[in-house]
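Commentary on secondary and tertiary structure
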Amino acid sequence: MLGRLTQLSTAIVLLAVFAGGCGSSVGGRNSSTSVRSPSSASSLAPIHGPYAPSIDPASFVDTVDNPLWPLEPGTGFHYKGTRGKTPQTDDEVVTHQTKRILGISCTVVRDTVAEGGRPVERTFDFYAQDKQGNVWYLGEDSYELRHGKFVRASDSWRSGVDGAKPGIIIPADPRPGDRYRQEYYPPGEALDEAHVLGYRKPPQVPYGAFKRSLVTSEFSPLEPQTEEKYYVRGVGEILERVVKGHHEEFRLVSVTH
């Protein structure tokens, strides 16, 4: 009897070891969070310790086609929402322009926030994708309206200038539990981080209803608010909302080409 119990215990241990090493599958990919690949967002843009991402221009491609954040030139993403109690629109247009930063050709996205049809904020964001499919954020030229004119905002930054370093906006293989830097520019208080919460059915937006979305939580250690963003494969971001802090929410209304 003791011999049979010993054999049974050994079998249980072996099964447990095997199961623990396999992980579970999310979207057809291994989702174990105990071991991170050297190419994971958590490893490439870590939130802990000295931040010094390794950037090699030869490891980047000319297009941004990550299914969760496709940036085809000429595409426009149009959102409606509120900030506080003020209705606003947010139009993000992928331009045909590029900007070279750190030797990398970046896609330029023009982001315009308007109130009552009148622009109040304008930002030019610079993105690039590496060969693994991670979409990096390499800087932004941000402008705010003052006395009827747009002036450059203090949180504008470029990787490689005044200590600014790039971060990751969307990982190639996002897994629940991943945490990574999105931007790093201490002088301009640009220190956003992201945490992958997982996959879930998103709220319906004017653009449509979807069954599955990637949900991330974004925050800055310098700001008392947390924001959630929902990404749908083949579309991009469909919803962003502040879940801790002031009221702010924008939903995707249309996509133009």
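Each value, and the rule that gives it
Residues numbered from 1 in each chain as written. Predicted model: local features only at pLDDT ≥ 70, side-chain atom pairs only at ≥ 80, totals over all residues. Heavy atoms only, no water. Buried < 20%, exposed > 50% of the residue type's maximum accessible area, 1.4 Å probe, protein only. Helix = DSSP H or I, 4+ residues; strand = E, 2+ residues; numbered from the N terminus. Pairing = 2+ DSSP bridges. Salt bridge = Lys/Arg side-chain N within 4 Å of Asp/Glu carboxyl O. Core = buried A, V, L, I, M, F, W, Y, C linked by side-chain atoms within 4.5 Å. Contact = heavy atoms within 4.5 Å.

All right, on to the pairing of strand β6 (residues 104–115) then. Taken residue by residue, a regular strand's side chains alternate between the two faces of the sheet. Within β6, 9 of the 12 residues are buried, which leaves the element mostly enclosed by the surrounding structure. Examined bridge by bridge, strand β5 (residues 86–101) and β6 share 10 bridges and lie antiparallel to one another. Bridging from a neighbouring strand, Arg100 pairs with Ser105 of β6. Remark: 2 residues form the turn of the hairpin made by β5 and β6, two consecutive strands paired antiparallel; Leu102 in that turn has positive phi of roughly 55 degrees. In the sheet, β6 pairs with strand β7 (residues 118–130) via 9 bridges, with the strands oriented antiparallel. Across the sheet, the residue bridging to Thr112 is Arg122, located in β7. Where β6 folds back onto β7 in an antiparallel hairpin, the turn is made up of 2 residues, including Gly116, whose phi is positive at roughly 60 degrees.

The next thing to look at is the pattern of salt bridges. Scanning the entire structure with this criterion turns up 10 salt bridges. Taking the shortest distance from any N to any O, the salt bridge between Arg83 and Glu121 comes out at 2.7 Å. One end of the pair, Arg83, is in strand β4 (residues 76–83); the other, Glu121, is in strand β7, with 38 residues separating them in the sequence. By relative accessible area, which is 26% here, Arg83 ends up partly exposed. What emerges from the salt-bridge pattern is a single network uniting Arg83, Glu121 and Glu248.

Judged by nonpolar contacts, the single largest core of 46 residues is most densely connected at Trp69, Leu71, Tyr127 and Ile238. Here Leu71 is in contact with Val64, Phe77, Val94, Thr107, Val109 and Tyr127, once residues within four sequence places are set aside.

A positive phi angle is found at His147, which is not glycine, with a value near 55 degrees. When you line up the elements, His147 lands in the loop between β8 (135–146) and β9 (149–152). Judged by relative accessible area, which is 85%, His147 ranks as exposed.

Relative to the helices and strands, Pro174 resides in the loop between β11 (165–170) and β12 (179–181). Separated by 22 residues in the primary sequence, Pro174 and Val196 have C-alpha atoms spaced 6.8 Å apart. The residues contacting Pro174, other than those within four sequence positions of it, are Leu68, Val196, Tyr199 and Leu214.

The pairing of β4 with β5 spans 8 bridges and is antiparallel. Across the sheet, residue Gly76 finds its bridge partner in β5, namely Val93. As consecutive antiparallel partners, β4 and β5 are separated by 2 residues, and within that stretch Gly84 has a phi angle of approximately 70 degrees, a positive value. Pairing between β4 and strand β18 (residues 248–256): 8 bridges, direction antiparallel. Bridging across to β18, Lys80 finds its partner in Arg251.

Read these as spatial facts, not as claims about activity.
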